[in-house]
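Inside the fold
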Amino acid sequence: MEICTIGGFEEVGKNMTAVKVDDDVFIFDCGFFLPGIIELQETEKIGYSLSGLRRVGGVPDDRILDELKWKDKVRAIFISHAHLDHVGGLPFLLHRYPDVDVFATPFTIKVLESLIEDSKIVANNKLRMVNSNSVHEVKTSNGKVKVEFVNATHSTIDCSYVVLHTDEGAFFYALDLKFDNHSTLGAPPNYKRLKEIGEKGVKAVVIDALYSSTDVRPGGEKVAFGLLEDAFSKMGRGADKALFITTFSSHIERLNNIVKIGQKTNREIIFLGRSLAKYVLSAIKVGKCPFRENVKIMKYRNQVDSVLKKVEVDRGKYLIVCTGHQGEQNSILDRISRGDSVFKFREGDNLIFSSSVIPTEVNIEARKRLDAKLRKMGVKLQVDVHVHGHGSREDMREIINLLKPEHVIPAHGTQAQEEPFIELSQEFGYKPHETSHLMKNGDVLKI
Ligand SMILES: [Zn+2]
């Protein structure tokens, strides 16, 4: 087995790994690098070109597969979940893999379809919808191989660990990793199956090591629910006070909890913004949006403006869920804060950030500017009403215990963020360069 760590091993973003067994290559994930994309947004107003994306490092550099002569041997592409750092690059690279099928869970496929539509790129690849906790056959050069999607809990719905079963043992792709035993939407982690796969033999695992330096386990979504209830209880009341909340658009479970708690305010709940509409409509299409009857969704500028006009005159009537938690350009919050909206925040209006700032320079600066403007307007801000979706050291120990892999490869961070995992793995007897591997983008490991 040879493993090429293409992207996401030196940064948070553009995750992509290729595995070669005999004469067959399999790709796991193909994501965006968001800071690169933001840079591009400022220079290329209409769509993105692949050359532009390559220039800013916005997509994984899969040209390594040409160098290795692996590109024409790709038999399938597997996507672990619907986050952009796992699926966002695929529309732009798909044409390089003609006739190769893409496998992912239903929500992920719907999000991918809408990304392909947005990109205006035409691809002939078959998108194959597979359920979590199911096994599928993939044709190889001289037979078949089995791929399994195992249910995982993270911070969007329909997440999976992807397992390639080979004669040499399984290749286990554990991105992104977090164990939430009291998930409030969807199934809990499939410990039983993880253990069985471990007993059968795992050759290598690529593992989400983003928080391998911390022992503090992130709370589950039940904890986020409690934080939200608390935040709602602390908002300034009164019929003349607006109530806005913002979170990750792909976080359907969180949105569901916001709606559950929000209903108790007896306000009409309206979702505003394109990216919220994209993910919620994808969830509706696959029957995984429990709150669909309880909210209105407004996507287009004229619809959004007409809602904001109503909120301006009847502030206490609505609960607005909107985009802009990272201070993104042209998000709803960005527009309101710049005065580019009929709605103006006033002293004592409420805004809850059910999110944390993604720790990149671009995001930190954008949020700083946004928060300052909002505070100047007198908005009562509650920030970090959130638990994140990546496990800590204890989650990593847990998965090593379950899978007992021969080789471990940390991923999903900078080298400095991944390095503590190498140290942790020594507790289990893994040896650096022999059985634990700190890999860079474009490295190949033969095991
Ligand atoms: Zn993720």
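Residues numbered from 1 in each chain as written. Predicted model: local features only at pLDDT ≥ 70, side-chain atom pairs only at ≥ 80, totals over all residues.

1. Some remarks on the overall build of the protein chain
Summing up its helical and strand segments, the protein chain has 15 helices and 19 strands in all. Against the 2.2 N^0.38 benchmark of 22 Å for 447 residues, the protein chain shows a C-alpha radius of gyration of 22 Å, consistent with a compact globule. Projected onto its principal axes, the C-alpha positions of the protein chain cover 65 × 45 × 35 Å. For the protein chain, the proportion of its 447 residues judged to be buried stands at 49%. Of the contacts made within the protein chain by residues no fewer than 6 positions apart, 77% connect residues no fewer than 24 positions apart. (Helix = DSSP H or I, 4+ residues; strand = E, 2+ residues; numbered from the N terminus. Rg over C-alpha atoms; globule rule 2.2 N^0.38 Å. Buried ≥ 20, exposed ≤ 12 C-beta atoms within 10 Å, placed from the backbone. Contact = placed C-beta atoms within 7 Å.)

2. Some details on the nonpolar core
F172 and I207 are the most contacted members of the largest nonpolar core, which has 122 residues in total. Counting the residues that make up this core, at least three belong to each of domain 1 (2-217 + 389-446) and domain 2 (221-382). Discounting residues that sit within four places of it in the chain, I207 has contacts with A174, L177, M396, I399, V408, I409, P410 and A411. Counting residues in each nonpolar core, the second largest holds eight residues, with F33, I37, Y48 and V59 among its members. (Core = buried A, V, L, I, M, F, W, Y, C linked by C-beta atoms within 7 Å. Domains from an automatic or database assignment.)

3. So, the domain arrangement of the protein chain
Considered domain by domain, the protein chain is made up of domain 1 (2-217 + 389-446) and domain 2 (221-382). Each of domain 1 and domain 2 was reduced to a C-alpha centroid, and the two centroids are 31 Å apart. Elements with a contribution of two residues or more to the side of domain 1 that touches domain 2: α1 (34-43) and α6 (106-119). Here the side of domain 1 that touches domain 2 takes five residues from α6, the largest share from any one element. When grouped by side-chain class, the residues that make up the side of domain 1 that touches domain 2 number eight nonpolar, nine polar and three charged. (Nonpolar A, V, L, I, M, F, W, Y, C, P; charged D, E, K, R; others polar.)

4. Notes on the sheet that holds strand β6 (residues 127-129)
Pairing in this open sheet of seven strands is mixed, and the strands run β6-β5-β4-β3-β2-β1-β19 from one edge to the other. Only two strands of the sheet have a single partner each, and these edge strands are β6 and β19 (443-446). With direction set aside, neighbouring strand axes in the sheet form an average angle of 20°. In the sheet, strand β5 (residues 101-104) pairs with β6 via three bridges, with the strands oriented parallel. Among the inter-strand pairings, A104 is bridged to a residue of β6, identified as M129. Its contacts with the sheet put α6 on β5 and β6, and the angle it makes with β6 is roughly 155°. (Pairing = 2+ DSSP bridges. Axes fitted to C-alpha atoms, helices over the stretch in contact; angles between N-to-C directions.)

5. Some remarks on the pairing of strand β4 (residues 74-78)
Within β4, four of the five residues are buried, which leaves it mostly tucked inside the rest of the structure. Two strands pair when backbone bridges link them, and strand β3 (residues 24-28) and β4 are joined in this way by four bridges, in the parallel orientation. Looking at the pairing, V25 lines up with V74 of β4. The sheet contact formed by β4 and β5 spans three bridges and is parallel. Bridge assignment links I77 to a residue of β5, and that residue is V102.

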